[in-house]
Protein chains: 2
Amino acid sequence: MGRKRLQEPADGRPTVHTVAARAGVSIASASRVLNGVGGSPETIRKVRAAAAEVGYVPNAIARSLQSQRTGLVALAVEDIGNPVYVAMMRAIESVVASSGRQLLVHATGGRIDNETALLRRLANRYVDGMIVSPIRVTDDHLAALVDSPVPVVVVGQLGADAPVDNVRTDSRHGVALAVDHLVAGGRRRIGFVNGPLDTVPGAARDAGFRAALAGHNIDLDAHLVEVGDFQYAAGRAATERLLARTDPDALICANDLIAVGALHALLAAGRRVPEDVALVGMDDTDLARMMFPQLSSVSLGSAERGRRAAELLLERIADPTLPPRREQVPPHLVVRASSGAALPAPRAATDPGAATTAGATGSHGATTTDPGVEPAPSHPSSEGATP
Amino acid sequence: MGRKRLQEPADGRPTVHTVAARAGVSIASASRVLNGVGGSPETIRKVRAAAAEVGYVPNAIARSLQSQRTGLVALAVEDIGNPVYVAMMRAIESVVASSGRQLLVHATGGRIDNETALLRRLANRYVDGMIVSPIRVTDDHLAALVDSPVPVVVVGQLGADAPVDNVRTDSRHGVALAVDHLVAGGRRRIGFVNGPLDTVPGAARDAGFRAALAGHNIDLDAHLVEVGDFQYAAGRAATERLLARTDPDALICANDLIAVGALHALLAAGRRVPEDVALVGMDDTDLARMMFPQLSSVSLGSAERGRRAAELLLERIADPTLPPRREQVPPHLVVRASSGAALPAPRAATDPGAATTAGATGSHGATTTDPGVEPAPSHPSSEGATP
DNA sequence: TTGTAAGCGTTATCAT
DNA sequence: ATGATAACGCTTACAA
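In every chain, residue numbers begin from 1 and rise along the written sequence. Labels follow written order: the first chain is A, the first ligand is 1, and so on. Where totals are concerned, whole chains, interfaces and linings use all residues; where local detail is concerned, this predicted model gives features only for residues with pLDDT of at least 70, and gives and counts side-chain atom pairs only at 80 or more. With hydrogens and water stripped out, all remaining heavy atoms of the structure feed into the side-chain values.

Q: If you had to explain the overall build of chain A to someone new, which residues and values would you point to?
A: Put simply, DSSP H or I for four residues or longer makes a helix, DSSP E for two residues or longer makes a strand, and each gets a number counted from the N terminus. Each helix and strand counted, chain A has 13 helices and 13 strands in total. Between two residues, a contact is recorded if the distance between any of their heavy atoms is within 4.5 Å. Restricting the contact set of chain A to residue pairs at least 6 apart, pairs at least 24 apart contribute 68%. Per element, the accessible surface of chain A, about 14,500 Å² overall, is 54% carbon and sulfur. Surface accessibility follows the Shrake-Rupley procedure with a 1.4 Å probe radius. Residue values consider only the protein chains on display as shielding.

Q: Lay out helix H2 (residues 27-34) of chain B with the relevant residues and their values.
A: Residue and element names in this part refer to chain B. All buried positions along H2 are accounted for by Ser-29, Ala-30 and Val-33. The arc that holds the buried residues of H2, viewed along the axis, is 100 degrees, so those residues lie on one side. Residues of H2 that are buried sit in contact with helix H1 (16-23) and helix H3 (41-54). Note on H2: the residue one or two positions beyond its end, Gly-36, has a positive phi of about 70 degrees. Partly exposed residues are those whose accessible area sits between 20% and 50% of the maximum for their type, while under 20% is buried and over 50% is exposed, using a 1.4 Å probe and protein chains only. Taken from the helix axis, the directions to the C-beta atoms give the arc we talk about.

Q: An account of the sheet that holds strand S6 (residues 190-194) of chain A is needed here, citing residue identities and associated values.
A: All names here are of chain A. Only strands joined by at least two bridges in the DSSP assignment are considered to pair. Spatially, seven strands are ordered S7-S6-S8-S9-S10-S12-S13 in an open sheet, and the strand pairing comes out mixed. The strands lining the two open edges of the sheet, one partner per strand, are strand S7 (225-227) and strand S13 (367-369). Taking each pair of neighbouring strands and ignoring which way they run, the sheet shows an average axis angle of 20 degrees. Strand direction decides the pairing type here: strand S9 (residues 278-282) and strand S10 (residues 296-299), joined by three bridges, are parallel. Bridging from a neighbouring strand, Gly-281 pairs with Ser-297 of S10. Fitted lines through C-alpha atoms give the axes, limited to the stretch in contact for helices. The angle between two N-to-C directions lies from 0 to 180 degrees. Here helix H8 (residues 171-184) sits on the sheet and contacts S6, strand S8 (250-253), S9, S10 and strand S12 (332-335); the angle it forms with S9, its principal contact strand, is near 165 degrees. In the packing of helix H10 (residues 232-245) onto the sheet, the strands contacted are S6, S7 and S8, and the crossing angle to S7 comes to about 150 degrees.

Q: Explain the interface of chain B and chain A residue by residue, including any values.
A: Taken together, the contact pairs 96 residues of chain B with 95 residues of chain A. Two parts placed together each lose some accessible area under a 1.4 Å probe, and adding up what both lose gives the buried area. Buried area between chain B and chain A, both sides added, is near 7,600 Å², and the carbon and sulfur share of it is 58%. For this document, the term salt bridge refers to a Lys or Arg side-chain nitrogen within 4 Å of an Asp or Glu carboxyl oxygen. Counting across the interface, chain B meets chain A through four salt bridges. B:Glu93 is the partner of A:Arg111 in a salt bridge, and the nearest nitrogen-oxygen pair spans 3.5 Å. The term polar contact refers here to a pair of N or O atoms within 3.5 Å; inside protein, the definition further demands a hydrogen-donor-capable atom paired with an acceptor-capable atom, and it admits residues adjacent in sequence only when both atoms are side-chain atoms. In this assembly, chain B and chain A are joined by 15 residue pairs in polar contact (both at pLDDT 80 or more).

Q: Kindly report on unusual backbone geometry, identifying the contributing residues and their values.
A: Going from A:Phe292 to A:Pro293, the amide bond is cis rather than trans, its omega being -5 degrees. Residue B:Pro274 is bonded to the preceding B:Val273 through a cis peptide linkage, with omega at 10 degrees. If you check the backbone angles, A:Gln68 has positive phi at about 60 degrees while not being a glycine. The residue A:Gln68 is located in the loop between helix H4 (60-67) and strand S1 (72-77) in this model.

Written out as structure tokens, the structure is:
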């Protein structure tokens with residue numbers, strides 16, 4: 001025998017039973033009125049009054065158990081401190097909101113166990129679906145993705161055979177765009193500051209860099225390659241190590257955070273950017289435009305990937321029987337002042353607002369020259385102060 | 001009469017019933033084994049096997065309905081694009097994680113209705129507790145906070161009478177620290193680029209600025225004050241407007257995002273920082289250290305406030321009967337290169353790594369001089385690439 | 001140890 | 001329109 005049903009639960013909060021009793025109707029009637037379906041005028045009045053009097057608040061968990069949905073969608077990324085994920089999140093949020101759902105974000109901090117745990121917990125029905133963007137993928141991880149009880153869409157590379165919706169870009173090609181551009185600008189001693197090679201993006205960018213150099217018949221000088229993690233501090237430190245042993249005339253960084261660190265290190269070392277060293281980042285985040293000089297950057301279409309991922313997720317939530325889909329968003333290079341001037345130029349504009357016209361299009365295409373004095377990034381949807 | 005209980009639910013996913021039937025035991029036994037409490041060796045074996053065979057995954061919603069907890073905690077902020085919230089989030093996350101819970105973040109985009117809706121949805125039991133940091137507070141909002149079914153802690157100013165746990169700082173004092181410092185450095189034409197005055201922080205900072213100037217017997221020149229929103233783009237635009245009509249020798253910005261925009265505008269206008277114009281931001285985010293020159297900034301103790309808020313929340317979850325608590329974290333000024341040199345100095349160091357010793361302590365105390373070549377921000381807990 | 005069944009709070013079905 | 005009750009999937013008190 002279980003406990004007997006309490007009309008007032010242990011924590012004292014009112015339930016439909018409380019309201020129904022107070023209104024002198026059945027819980028069915030109370031529920032109907034509370035949901036705005038049916039009910040005579042008199043019943044409606046009584047129930048509404050009772051609900052207001054006791055301060056009734058529906059229990060969303062109970063409702064979800066019944067309806068098998070929560071109206072929540074989650075996004076799991078490594079680090080919301082990285083503006084690229086903020087951009088992705090904004091794009092996802094706007095799609096998700098249009099479906100009447102709310103987006104929740106979780107930062108995994110790159111801890112794979114953490115991510116798997118989150119997947120295992122949230123995906124067990126707390127959310128209607130999830131978008132994850134892992135930088136490392138283990139078998140355990142993949143298993144969690146595949147047999148998730150709720151729809152999951154992955155942003156990033158995934159094994160070709162994984163039966164999971166997937167939106168990716170071609171970051172190898174992205175690196176090639178940067179190399180082409182720099183070579184066209186006369187640079188030959190091109191350095192590369194990468195993230196960890198045991199991550200999916202790190203490995204892809206490394207491969208892309210090597211392939212692109214080979215394509216230009218440039219021998220890779222190992223001194224010109226450094227690895228840290230995908231953070232500002234590591235980018236700065238890695239660049240300092242690189243500068244201590246060799247003298248590049250250009251630097252490609254695996255993301256914008258690293259690029260900002262590299263810029264810091266270059267300026268501290270007395271190098272002019274772009275006169276002495278041209279600098280190209282990746283991800284094309286707001287950060288690239290906030291720097292002096294503004295940073296050229298390879299856009300990996302993060303917002304676009306986020307938007308597509310969200311659309312795929314909503315489709316799958318609506319119809320879980322869809323076959324796994326795989327989409328690709330092409331990268332493109334945005335040229336700004338940090339790589340704008342050609343090598344021999346002795347004194348180029350370092351004015352942060354100065355436009356550059358060095359949009360030398362390499363053999364891989366997809367290069368844009370960003371007008372230097374663009375209106376700057378704007379995010380109508382956000383404010384962000386410290387209350 | 002309701003439907004009859006299906007052993008295999010409509011969506012085909014196994015439940016305890018499925019497992020129990022397959023193992024040839026009761027659902028009680030199955031549940032016990034699945035939860036690791038009780039069960040004979042033989043039963044354990046059978047249930048484990050059955051669960052594995054059918055790929056059983058527990059339904060967390062159902063479990064939560066029973067246990068009245070979800071193991072989730074939410075944080076609602078305006079804009080995760082603002083690094084100050086990232087810092088706050090990291091601090092909260094580490095406390096929350098230590099309690100075995102997971103943190104979810106929601107960006108409200110400053111839309112008050114959005115925030116209230118989130119509160120109304122999540123707080124209805126989807127999470128065990130919430131931390132919110134609103135920049136605008138309406139009555140409706142406050143009502144939602146007060147009668148939330150789950151514990152809520154507010155980071156930021158709240159009416160003194162609101163019966164809600166609250167962690168705040170004194171941003172008026174924070175602005176005063178900046179003014180004192182600049183005055184001590186010989187600046188007199190101090191400008192102020194603020195956020196919207198109808199926000200809580202915007203109003204507080206405006207008041208703080210006026211009071212601090214008055215304290216130094218400096219008349220406020222209205223031309224020296226500009227208002228935008230708390231974003232980079234607005235900060236840049238506002239500074240451009242300000243520079244178009246007057247000529248400040250120092251600028252205080254209501255947050256670091258605005259300060260970066262101001263720096264951009266100043267450099268584009270040919271002003272040297274700090275020689276011509278000293279610049280001080282607020283929030284002391286990573287961004288301040290990523291700039292050239294590095295930005296002085298008033299720390300409002302965001303990480304500390306986040307940490308305290310999380311602790312208060314956990315305490316309240318453990319004991320909901322606690323009386324409302326209110327805590328305050330004092331601001332302090334971190335001096336870096338952007339305001340380091342005194343006014344008359346014709347040529348100060350603009351090397352981004354250069355240390356400054358101009359930590360002139362004003363009458364309000366709490367000033368730190370940041371060694372310029374500090375190891376730069378590091379976040380062991382995060383990586384952040386674009387997979 | 002095991003099974004039966006109550007109960008978490010809600011919605012939905014069916015008969016009245 | 002209304003009320004009684006099954007069901008969502010799970011945990012657990014109690015009896016066997």
